[in-house]
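Geometric and topological summary
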Amino acid sequence: QVQLVESGGGLAQPGGSLRLSCAASGSIFSINTMGWYRQAPGKQRELVATITSGGSTNYADSVKGRFTCSRDNAKKLVYLQMNSLKPEDTAVYYCNLKEVRLGGRGYWGQGTQVTVSS
């Protein structure tokens, strides 16, 4: 059973930084995409950033230039470095893993709250 556990959320001031981590455990197909999604109150879950097992990244326009997604394949970790935070970044952030193969499965973490407020 694959599990994803996020950490690193919390309260930050506008303009501040936070770093989220997600640890994956279990039997994971080596070719996969990991990433981060977020959901603010009353809104749909949206993509923030993804990174393939080969290191290719994709970002939402709203976070480009401020957030950086990285991963450590050997340790099964994915990170989201968030700089220049804005109040509109406030949301629950979810880690996601998708196996890239026929019949590949997707997995979600439990989420971690990020609040940006002065």
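Below or above, wherever it landed, is the structure these notes cover. In this text the structure is predicted, and so the values were computed from the model without any measurement.

The next point concerns the overall build of the chain. In terms of regular secondary structure, the chain is built from zero helices and eleven strands. Each helix and strand of the chain, placed in order from N terminus to C terminus, yields the pattern β-β-β-β-β-β-β-β-β-β-β. Compactness check: the chain gives a C-alpha radius of gyration of 14 Å against a globular reference of 13 Å for 118 residues, within 12% of the reference. Here the contacts in the chain between residues at least 6 apart in sequence split such that 53% fall between residues at least 24 apart. Total accessible area on the chain stands at roughly 6,300 Å², and carbon and sulfur atoms take up 48% of it. One way to put it: in the chain the 13 positive side-chain charges average out to a point 4 Å from where the 7 negative ones average out.

What follows covers the pattern of salt bridges. One pass over the full model with this rule turns up five salt bridges. Two residues, Asp 89 and Arg 38, come together in a salt bridge whose shortest N-O distance is 3.0 Å. Highlighted residues: Asp 89 in the loop between strand S8 (77-82) and strand S9 (91-99) and Arg 38 in strand S4 (residues 32-39), separated in sequence by 51 residues. As far as the burial class goes, Asp 89 and Arg 38 line up, both buried. Note that Arg 101 is salt-bridged to Glu 99, the shortest N-O span being 3.3 Å. The buried category is assigned to Glu 99, whose relative accessible area is 8%. Members of the salt-bridge network, linked through shared partners, are Arg 38, Glu 46, Arg 66 and Asp 89.

Strand order in this open sheet of four strands is S1-S3-S8-S7, and the pairing throughout is antiparallel. In this open sheet, the two strands that pair with only one neighbour each are strand S1 (3-7) and strand S7 (67-72). Each neighbouring strand pair of the sheet contributes to a mean axis angle of 15°, computed without reference to strand direction.

About the thresholds
- Residues numbered from 1 in each chain as written.
- Predicted model: local features only at pLDDT ≥ 70, side-chain atom pairs only at ≥ 80, totals over all residues.
- Heavy atoms only, no water.
- Helix = DSSP H or I, 4+ residues; strand = E, 2+ residues; numbered from the N terminus.
- Rg over C-alpha atoms; globule rule 2.2 N^0.38 Å.
- Contact = heavy atoms within 4.5 Å.
- Areas by Shrake-Rupley, 256 points an atom, 1.4 Å probe, with all protein chains shown as cover.
- Lys, Arg positive; Asp, Glu negative; His and termini not counted.
- Charge placed at Lys NZ, Arg CZ, Asp CG, Glu CD.
- Salt bridge = Lys/Arg side-chain N within 4 Å of Asp/Glu carboxyl O.
- Buried < 20%, exposed > 50% of the residue type's maximum accessible area, 1.4 Å probe, protein only.
- Pairing = 2+ DSSP bridges.
- Axes fitted to C-alpha atoms, helices over the stretch in contact; angles between N-to-C directions.

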